[in-house]
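# Residue-level structure breakdown
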Amino acid sequence: MRYKEWTDEGLLRQPVFVRFRDDKPVSDAAKKGAGSRERDQEVPVESTAPRSPLPREVKFSNLDKVFWPEEGYTKGDLIDYYRAISPWLLPYLKDRPVVLTRYPDGIAGKSFFQKDAPGFVPDWIRTEKIWSEDTQRYIGYFVAEDVESLLYIINMGTIPLHIWGSRLTTLEQPDWCILDLDPKAAPFLHVLKIARATKSLCDDLALPCFIKTSGSTGLHVLIPLGRQCTYEQARTLGGLLARVIAAELPDIATITRQVERRGARVYIDYVQNGYRRLLVAPFSARPLPGAPVSMPLAWSDVTPPLDIRKFTIKNAPALMKKRKDDPLRGVLELKP
DNA sequence: GACTGGC
DNA sequence: GCCAGTCAACGCCAA
DNA sequence: TTGGCG
Ligand SMILES: [Mn+2]
Ligand SMILES: [Mn+2]
């Protein structure tokens, strides 16, 4: 990203024009619902992607508004973060519905989810309609294809980004199987131990496996599936792995859903492998003190002293520049 | 953060 | 003109 | 079928 593209009025003036989009049908794979329920109609049918070149210009607002009171980080800091991290973040947003959580008054203010893009968003922001069976209407999901769209979304007061596990072209088939390791009362050391046990199990099964921090208290282990199986199959795999780990480490891990019965054990949540279930995007900022982010890790990082609160909007871009390659990227590419 | 509808 | 309200629902599993 | 869960 080059700062020369930024004027002092806070406008993004990039002499960039949207490509004509290739109008191939958005829906190919989702067509055959793989026999899974009456989801057949829930296919993106229309898009508002631009059909003619349009200048993209984001007019930023309230850049000095404090979003993280304890640290004094501002909305401008947040926008700077997302701009700087966008080369690593955008691959995960490409062709994927995104759900916003907006905090127009910072992390201490009122927040709300937003799936359906409001009518006032500019034409050059891509949205894709997906049918919602229960509400009997189309939801026009945001799809952040480029840094301008991303920053427009962030300027709306969006802090965390949640993404689908599947892409628009393959809505029924996720890119990954996720195991969400949730400590609550459990010591983080146990999370690390469980993560390594998962890695070791995947190694035994010849399954590739990647990891990131959640940005909050836990870790997310992701197994690439290459969009070759259904959510149901992903969930079956996740449940199997989770069961094996929980049986192996019964004192520190559990898959029990009742919070009370978990005690101080780490909850291995595999149920997030489902249609329309969301994952905190890699590199997403979190609305928590310290402005932590969901940070991809190398397996060599998954050892004490790992402190996941140490990855923040202030240092993550520099860390990635140093690291150069995103250690999680394989989750988008590998096909086991 | 931006917009809408009721007063 | 001002102010309050809206901006999401969901799939899954155990009981 | 419902309720709890994330
Ligand atoms: Mn979690
Ligand atoms: Mn407001």
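Going by the structure above, here's the rest.
Figured I'd write up the structure that's included with this text. What you see is a predicted model, and the numbers here were worked out from it, not measured in a lab. As a convention, each chain's residues are numbered from 1 in the sequence order in which they are written. Chains carry letters and ligands carry numbers; both start at the beginning, A for chains and 1 for ligands, and go up in the order they are written. The predicted nature of this model means local features are confined to residues of pLDDT at least 70 and side-chain atom pairs, given and counted, to a pLDDT of 80 or more, with totals for whole chains, interfaces and linings taken over all residues. Here the side-chain values reflect all heavy atoms present in the structure, with hydrogen atoms and water set aside.

### Things to note about helix H6 (residues 316-323)
- Here's how the labels work: a residue is buried when its accessible area is under 20% of the maximum for its type, exposed when over 50%, partly exposed in between, all with a 1.4 Å probe on protein chains only. Counting from the N terminus, the helices are the DSSP runs of H or I reaching at least four residues and the strands are the DSSP runs of E reaching at least two. Inspection of H6 places Ala316, Pro317 and Met320 among the buried residues, and these make up the whole buried set. One face of H6 carries all of its buried residues, which in axial projection span an arc of 100°. In H6, the exposed positions that point more than 90 degrees away from the buried face belong to Lys321 and Lys322.
- Contact criterion: two residues are considered in contact whenever any of their non-hydrogen atoms come within 4.5 Å of each other. Tucked into the core, H6 has its buried residues touching helix H1 (75-93).
- Positive backbone phi, approximately 70°, marks Lys324, located one or two places after H6. This arc is taken over the directions from the axis of the helix to the C-beta atoms.

### What about unusual backbone geometry?
- For the bond from Pro304 to Pro305, the omega torsion is 0°, close enough to zero to count as cis.
- Tracing the backbone shows Pro305 in the loop between strand E14 (296-297) and H6.
- With a phi close to 55°, Arg227 is a non-glycine residue in the positive phi region.
- Tracing the backbone through its elements, the reader meets Arg227 in the loop between strand E10 (219-224) and helix H4 (231-248).
- In this structure, Phe283 takes a positive phi of about 75° despite not being glycine.
- With respect to the helices and strands, Phe283 occurs in the loop between strand E13 (278-280) and E14.

### Regarding the protein's contact with DNA strand D
- As a matter of local geometry, DNA strand D sits amid Arg257, Val259, Arg262, Tyr267, Asp269, Gln272 and Arg277.
- Nearness is defined per residue: one heavy atom within 4 Å of the molecule or strand is enough. Each atom of DNA strand D within 4 Å of the protein was classed as base or backbone; sugar and phosphate made up 62%.
- Under this definition, polar contacts are N or O atom pairs within 3.5 Å; protein pairs additionally need one hydrogen-donor-capable and one acceptor-capable atom, and for neighbouring residues in sequence, both atoms have to be side-chain atoms. Within the side chain of Arg262, a nitrogen or oxygen atom sits 2.7 Å from a phosphate oxygen of DNA strand D.
- The contact in question runs from a sugar or linking oxygen of DNA strand D to an N or O atom on the side chain of Gln272, over 3.5 Å.
- When residues of the surface near DNA strand D are traced back to their parent elements, those giving at least two are helix H5 (259-262) and strand E12 (266-269).
- Basically, the charged four are Asp, Glu, Lys and Arg, the nonpolar ten are Ala, Val, Leu, Ile, Met, Phe, Trp, Tyr, Cys and Pro, and anything else, Gly included, counts as polar. For the surface near DNA strand D, the per-class residue count stands at two nonpolar, one polar and four charged.

### Quick look at the packing of aromatic side chains
- Centre distance within 6.5 Å is the pairing criterion for rings of Phe, Tyr and Trp, where only the six-membered ring of Trp is used; planes under 30 degrees apart are then read as stacked, over 60 as edge-to-face, and the remainder as tilted. Evaluated as defined, the whole model comprises seven aromatic pairs.
- The interplanar angle of 50° and the centroid separation of 6.4 Å between the aromatic rings of Tyr92 and Phe283 together place this pair among those described as tilted. Remark: Phe283 occurs in the loop between E13 and E14 and Tyr92 occurs in helix H1; sequence separation between them is 191 residues.
- Look at Tyr92 and you get buried, because its relative accessible area is 1%.
- Summarising the aromatic geometry, the rings of Trp164 and Tyr275 are spaced 5.3 Å apart at their centres and angled 75° between planes, so their arrangement reads as edge-to-face. One end of the pair, Trp164, is in strand E7 (residues 158-164); the other, Tyr275, is in the loop between E12 and E13, with 111 residues separating them in the sequence. In this structure, Trp164 and Tyr275 share a single accessibility class: buried.
- Site record: aromatic cluster; members linked through ring pairs are Tyr141, Trp164, Tyr231 and Tyr275.
- Only when the NZ atom of a Lys or the CZ atom of an Arg is both within 6 Å of the ring centre and within 35 degrees of the ring normal do we say a charge sits over the ring. Stacked on the ring of Tyr267, the Lys or Arg Arg262 has its end atom at 3.6 Å from the ring centre.

### Let's talk about the packing of H1 against H6
- Lines fitted to C-alpha atoms define the axes here, with helix axes fitted over just the stretch in contact, and angles between the N-to-C directions of these axes take values from 0 to 180 degrees. For the pair H1 and H6, the least separation of the axes is 9 Å and the interaxial angle reads 30°. The pairing of H1 with H6 is recorded here as roughly parallel in orientation. Like other packed secondary-structure pairs, H1 and H6 cross with a definite hand, here left-handed. Contacts between H1 and H6 involve Tyr81, Ala84, Ile85 and Trp88 from the first element and Ala316, Pro317, Met320 and Lys321 from the second.
- The class makeup of the residues in the contact of H1 with H6 is seven nonpolar, no polar and one charged. Note that the term roughly parallel is reserved for angles under 35 degrees, roughly antiparallel for angles over 145, roughly perpendicular for angles of 65 to 115, and oblique for everything else. The crossing is said to be left-handed when, going from far helix to near helix, the turn is anticlockwise and less than a right angle, and right-handed when the turn is clockwise.

### What to know about the sheet that holds strand E9 (residues 210-213)
- Pairing in this open sheet of six strands is mixed, and the strands run E11-E12-E8-E10-E9-E14 from one edge to the other. Of all the strands in the sheet, just strand E11 (253-254) and E14 have a single pairing partner and so form its edges.
- Strand pairing is assigned whenever DSSP detects at least two bridges linking the two strands. Note: E11 against E12, two bridges, orientation parallel. Bridged to Thr254 within E12 is Tyr267.
- Against the sheet, helix H3 (residues 188-204) contacts strand E8 (176-182), E9, E10, E11 and E12, and its axis sits at roughly 10° relative to E10.

### Concerning the pairing of E7
- Of all the seven residues making up E7, seven are buried; the element is thus mostly covered by neighbouring parts of the structure.
- Bridge count between strand E3 (residues 98-102) and E7: four bridges; the pairing is antiparallel. In the strand pairing of E7, Leu100 is matched with Leu161.
- With three bridges connecting them, E7 and E13 associate as antiparallel partners. Directly across from Ile163, in E13, lies its bridge partner Leu279.

In short, geometric facts, not functional conclusions.
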